[in-house]
There are 4 protein chains.
Amino acid sequence: MKVGFIGLGRMGAGMAGSLLRAGHELTVYNRTPSKVRPLAEQGARVVPSIAEAAKNPVVFTMLSDDAALEAVVFGDDGLLRHLAPGALHVSSSTIGVVLSERLALSHADAGRRFLAAPVFGRPEAAAAGKLFVVAAGAAGAVGEAQALFDAIGQKTFVVSDRPQDANLVKLSGNFLLAAVVESLGEALALIGKAGLDRGRFLELLTSSLFDVPVYRNYGRLIAERAFEPAGFAAPLGQKDIRLALEAAERLHVPMPLASLLRDRFLTLLARGGERLDWSAVGDLARQDAGG
Amino acid sequence: MKVGFIGLGRMGAGMAGSLLRAGHELTVYNRTPSKVRPLAEQGARVVPSIAEAAKNPVVFTMLSDDAALEAVVFGDDGLLRHLAPGALHVSSSTIGVVLSERLALSHADAGRRFLAAPVFGRPEAAAAGKLFVVAAGAAGAVGEAQALFDAIGQKTFVVSDRPQDANLVKLSGNFLLAAVVESLGEALALIGKAGLDRGRFLELLTSSLFDVPVYRNYGRLIAERAFEPAGFAAPLGQKDIRLALEAAERLHVPMPLASLLRDRFLTLLARGGERLDWSAVGDLARQDAGG
Amino acid sequence: MKVGFIGLGRMGAGMAGSLLRAGHELTVYNRTPSKVRPLAEQGARVVPSIAEAAKNPVVFTMLSDDAALEAVVFGDDGLLRHLAPGALHVSSSTIGVVLSERLALSHADAGRRFLAAPVFGRPEAAAAGKLFVVAAGAAGAVGEAQALFDAIGQKTFVVSDRPQDANLVKLSGNFLLAAVVESLGEALALIGKAGLDRGRFLELLTSSLFDVPVYRNYGRLIAERAFEPAGFAAPLGQKDIRLALEAAERLHVPMPLASLLRDRFLTLLARGGERLDWSAVGDLARQDAGG
Amino acid sequence: MKVGFIGLGRMGAGMAGSLLRAGHELTVYNRTPSKVRPLAEQGARVVPSIAEAAKNPVVFTMLSDDAALEAVVFGDDGLLRHLAPGALHVSSSTIGVVLSERLALSHADAGRRFLAAPVFGRPEAAAAGKLFVVAAGAAGAVGEAQALFDAIGQKTFVVSDRPQDANLVKLSGNFLLAAVVESLGEALALIGKAGLDRGRFLELLTSSLFDVPVYRNYGRLIAERAFEPAGFAAPLGQKDIRLALEAAERLHVPMPLASLLRDRFLTLLARGGERLDWSAVGDLARQDAGG
């Protein structure tokens, strides 16, 4: 399939690589051109403008936040102006539900099609085609994109025909992950200050009740304080909790644990954690314990 | 092996049954005698006093809280007075670290031996011999008890030679479980109020990032509001969070998520949740959201 | 002085009345015309458009939130288009710092002048000319408006020459007031459930350590559950905590008590408290205590 | 009146001095004898044992915590054993409601009388006879002690005939004070990081809505970071929040703001704040904000 791909950070590059490996014809665009070289070597056609990437029946976007995606879509020389009639825009960025709704409406008004397809998984999973894809939008469009989802992911979940629902699911999932980090951080602060071995405690947990990579990996990162380089940077985590809280606020859903996470991320950023992995919020309990 | 067993609530009865099935000679005592009938039918010898249960080289206790265990051990006609010299008391109750320390000292002073061996798992796992056993105490004593742990559990983790360390690990594990309940409760409150299907959301989570029984089971209980009958009753959950916070307070370890859980449990009890499963704290976010 | 006044809710009407009493020539505009009748009887000239209210050397705005003020200022037939060159816009609404910055810039770009002058005090204080005025902006403009501030307030505090600083001070003050409500709510829940007399407890507090109207008034509202009619409605309180948190987020300042208040307000709104006084958040502790 | 006084820390010494000034005959005992010299010079009779201090119709105790008071009262050579029949013990320590109940019962059983009369005020107020006394117990006993309360305080509030009620009121009051500290700490962290002058912000607040010494004094301590020497040390503040939470737990009253304060105090102690004034918890928001 002919596919445009805009946004080649660590996640986007991995996804694009998986699409190439699956035999799709890829046209890629990134604001910072240096990042696309490895993809060019794998056979991607590199173009210097959104306009050219837009000349494909399907175009993926994978950008860091709402502002970046808005700039790409609604900019003067943006995607919405250059997509062909009937073309399909698949948005994999983790964005807020308000923007997702707005994108769905704007595309429909312009006679273009829009799917939200955010993904779960760290960059290594993106590169290996092992993401979990959470898709929402018109059934026909989902069907057309299925082969692409199969290339980037190990499984696709179709949530509903409203794109913003996929974004809400993604934000809720990231909230759950951050909750794992916080709970492990507090438990490890306690265990560590009591003089027990944190690594053995984690081994016990993850070979019994919590026998799942999420606990194993985040537990290790926290216990070893291995927060650099960031697999998923703290400012992105902060943004996701903010977006989850905004979605909850609109619906009048209080989420005290999400509020706690919000404060943790702000503390982390205030203490200079901009470049750390978001799991560094799991170290704050230890710091507060004077550990 | 000849084993005494004191405390035959849902967990204790399951563990005693597993010991019988493994061929051990069991003498059982429970304050409420009616509960021991099924065990008698399986071959246990039922005795009417702690003193008689104490006449065994190894005696398990599995009681609901610190006060109950203190009464059994230190009472005028209690275990400590009736254990034979050198006999081994294995305490599987979820108790506080302070009491565990005190028990270790008291037994040593009296020339008796003491192990803490709290367990992870719900009553069904106890009955099936599928618990996770967390043991701490003198290595020799752990070795002697290993065959018994093998009968009740699928795996034994030896933490250290200080009994209270096993209790701290158990309390930390229960904190992590309660954190799962709270985080799922908040996410499901959001997902539900947004009009998405809670069951499908859980299916997505538990067939991707959270593919582990803890999330599957607690998620289902919360989504279906299936809080009766209680597998683990709310007052016990409240007690465990209290004990975790007490252990943390002694070490000056602030645990804001544990504090949130503390308030949640008090709310649940204040609203009449005494008889509900502790996962009912996961319904409070929905209630606060007016859902 | 000739003064335009836009926004005649309970606060605005009281302020406008005070200006009239002090002898100022008032031209008033409100979207809902019925509300301006009492002011007309006191001598205000009522006009049917923002444009006409804008034809004054000084124009006050007192609106409920950011969106309302934006509509009045930036609308096609809005204030900015109709203010005379050099005219002064005094914004008394409780708005966010981002909007305040934007207003300052827009007015400067257009050659108009802008002051932020939010106020502390309930509607009765507004009607009595007893508000506390928190002003920020160019010193000359503050000087010109001083006579007007003297009419509406018992005291004026000049914060700085950056209008948004006055808004930040106002938001911080409202946060402190909401914190009083929450703390009283929790203490009264405890005192009440212990069977003590809540009124006498408050009398004790407010004739000793907390001998100040804020504690006396909010304490009484909470103890008597006198939340209707609202002096300051819950949705406005929720908005103010949101704006305080947004300001704090931009600066990476975690405010866990503000986060708690945020969740309290959402709970209040979710339970149908839209029309209650914001002090009704002080009743939630009692509700959670099953009281 | 002949009065015994046990416990001459900063608060107790001030109270004893006020009693002497009012003409009462004082017999004083302190575990650390050096502290009683200034009182001896003012005319107090210094005795070397609790037993001798107990030989008075009225005996005050003013000790730092539950354990200290228990040791004094229930010790082998303690107060309860040496008080004369019918003598009155006035307990001014800030203790838990459970201990207060137990003291009331023990004294009644022994034919002695017991009043709880905790006080509000810092050491300077104690020395000046300007405390607020919160008394509870049998009306007759309160009447007898009134002249003594008049000597130490500016006002006496009689709560009920159950001593523990006075302790609950005292704990609730200290919770409210700590809430003031936290709220000021968060507001000042925000104001300070925004570049505004913290002192002027406080001046504004305390000459308008919060015109009361509590806000003025704690605000100044926090803004100036003047936490040494401690007027009321952090470990005592931590203890009081713990006792308030324990009282609330017994009644199933969740108090999330008290939980936040609990975590704040633990953080302060973990970071080495043992010797700081309890208002140092108001500096933690600034620290978390990287300020």
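Residues numbered from 1 in each chain as written. Chains lettered and ligands numbered in written order. Predicted model: local features only at pLDDT ≥ 70, side-chain atom pairs only at ≥ 80, totals over all residues. Heavy atoms only, no water.

Visitor: Explain the interface of chain B and chain A to me, and be specific about the residues and the numbers.
Guide: With 55 residues of chain B at the contact, the number on the chain A side is 55 residues. Area buried by chain B at its contact with chain A is led by L176(B), L190(B) and L209(B), which between them contribute 15% of it. Our count for the chain B to chain A interface comes out at zero salt bridges. Remark: the boundary between chain B and chain A carries 13 residue pairs in polar contact (both at pLDDT 80 or more). Mapped onto the side of chain B that touches chain A, the elements with two or more residues apiece are β8 (131–135), β9 (153–158), α9 (163–193), α10 (198–206), α11 (213–224), α12 (234–250) and α13 (256–270) of chain B. Residue composition of the side of chain B that touches chain A, by class: 40 nonpolar, five polar and 10 charged. (Contact = heavy atoms within 4.5 Å. Buried area = accessible area lost by both parts, 1.4 Å probe. Salt bridge = Lys/Arg side-chain N within 4 Å of Asp/Glu carboxyl O. Polar contact = N/O pair within 3.5 Å; in protein donor to acceptor, adjacent residues only side chain to side chain. Helix = DSSP H or I, 4+ residues; strand = E, 2+ residues; numbered from the N terminus. Nonpolar A, V, L, I, M, F, W, Y, C, P; charged D, E, K, R; others polar.)

Visitor: With reference to specific residues and values, describe the side chain of E182(A).
Guide: You can see E182(A) is positioned in helix α9 (residues 163–193). On the basis of relative accessibility, which here comes to 1%, the residue E182(A) falls in the buried class. (Buried < 20%, exposed > 50% of the residue type's maximum accessible area, 1.4 Å probe, protein only.)

Visitor: So what's going on with helix α12 (residues 234–250) of chain A? Which residues, and what values?
Guide: All names here are of chain A. For α12, built from 17 residues, the straight-helix expectation of 24 Å at 1.5 Å per residue is met to within 8% by its first-to-last C-alpha distance of 25 Å. The buried count for α12 comes to 12 of 17 residues, which makes it a mostly enclosed element. Those residues of α12 not exposed but buried are A234, G237, Q238, K239, D240, I241, L243, A244, L245, A247, A248 and E249. Within two residues after α12, H252 carries a phi angle of roughly 55°, on the positive side. (Expected span 1.5 Å × (residues − 1).)

Visitor: Residue-level account of the interface of chain B and chain D, with values.
Guide: Between chain B and chain D, the residue contacts involve 17 residues of the former and 17 residues of the latter. In this assembly, chain B packs against chain D so that about 1,500 Å² is buried in total across both faces, 53% of it on carbon and sulfur atoms. It is E249(B), H252(B) and R262(B) that lose the most area in chain B upon contact with chain D, and together they represent 41% of the buried surface on that side. At the boundary of chain B and chain D, one finds four salt bridges.

Visitor: Hey, could you go over the sheet that holds strand β1 (residues 2–6) of chain B for me, with residue numbers and the actual values?
Guide: All names here are of chain B. Read across the open sheet, the six strands follow the order β3-β2-β1-β4-β5-β6; overall the sheet is parallel. Of all strands in the sheet, those with a lone pairing partner are β3 (45–46) and β6 (113–116), marking the two edges. Pairing of strand β2 (residues 25–29) with β3, which is carried by two bridges, proceeds in the parallel orientation. Opposite T27, over in β3, you have R45 as the bridge partner. Sheet strands in contact with helix α1 (residues 10–21) are β1, β2 and β4 (58–61), and its direction is about 170° off that of β1. Where helix α4 (residues 66–74) meets the sheet, it contacts β1, β4 and β5 (88–91), and its direction lies at approximately 170° from that of β5. (Pairing = 2+ DSSP bridges. Axes fitted to C-alpha atoms, helices over the stretch in contact; angles between N-to-C directions.)

Visitor: Go over the packing of helix α13 (residues 256–270) of chain A against α9(B) with me, naming the residues and quoting the values.
Guide: Closest axis-to-axis distance for the α13(A)/α9(B) pair is 8 Å, and the angle between their directions is 105°. Judged by the angle between their axes, α13(A) and α9(B) are roughly perpendicular. When α13(A) is examined against α9(B), the residues P256(A), L257(A) and A258(A) are found in contact with a partner set consisting of E182(B), S183(B) and E186(B). Residue composition of the contact of α13(A) with α9(B), by class: three nonpolar, one polar and two charged. (Parallel < 35°, antiparallel > 145°, perpendicular 65-115°, else oblique.)

Visitor: Can you tell me about the relation of the copies chain B and chain A, naming the residues and giving the values?
Guide: Of the transformation superimposing chain B on chain A, the axial component is 0.0 Å and the angular component is 180°, with the fit at an RMSD of 0.0 Å. One copy is carried onto the other by what is essentially a two-fold rotation axis. Across chain B, the smallest distance between a C-alpha and the rotation axis is recorded for V212(B), namely 3.2 Å. Of all interface residues in chain B, 100% are interface residues in chain A too; the two copies therefore contact each other through one and the same surface. (Least-squares fit on C-alpha atoms with pLDDT ≥ 70 in both.)

Visitor: Can you explain the packing of helix α9 (residues 163–193) of chain C against helix α12 (residues 234–250) of chain C? Please cite residues and give values.
Guide: Residues and elements named next belong to chain C. The geometry of α9 relative to α12 is characterised by a closest axis approach of 9 Å and an angle of 120° between their N-to-C directions. Classified by the angle between their axes, α9 and α12 sit oblique to one another. The handedness of the crossing between α9 and α12 is left-handed. For the pair α9 and α12, contact is made by L168, L171, N174, F175 and A178 and by D240, I241, L243, A244 and A247, respectively. Classifying every residue of the contact of α9 with α12 by side-chain character gives eight nonpolar, one polar and one charged. (Left-handed = near helix turned anticlockwise from the far one by under 90°.)

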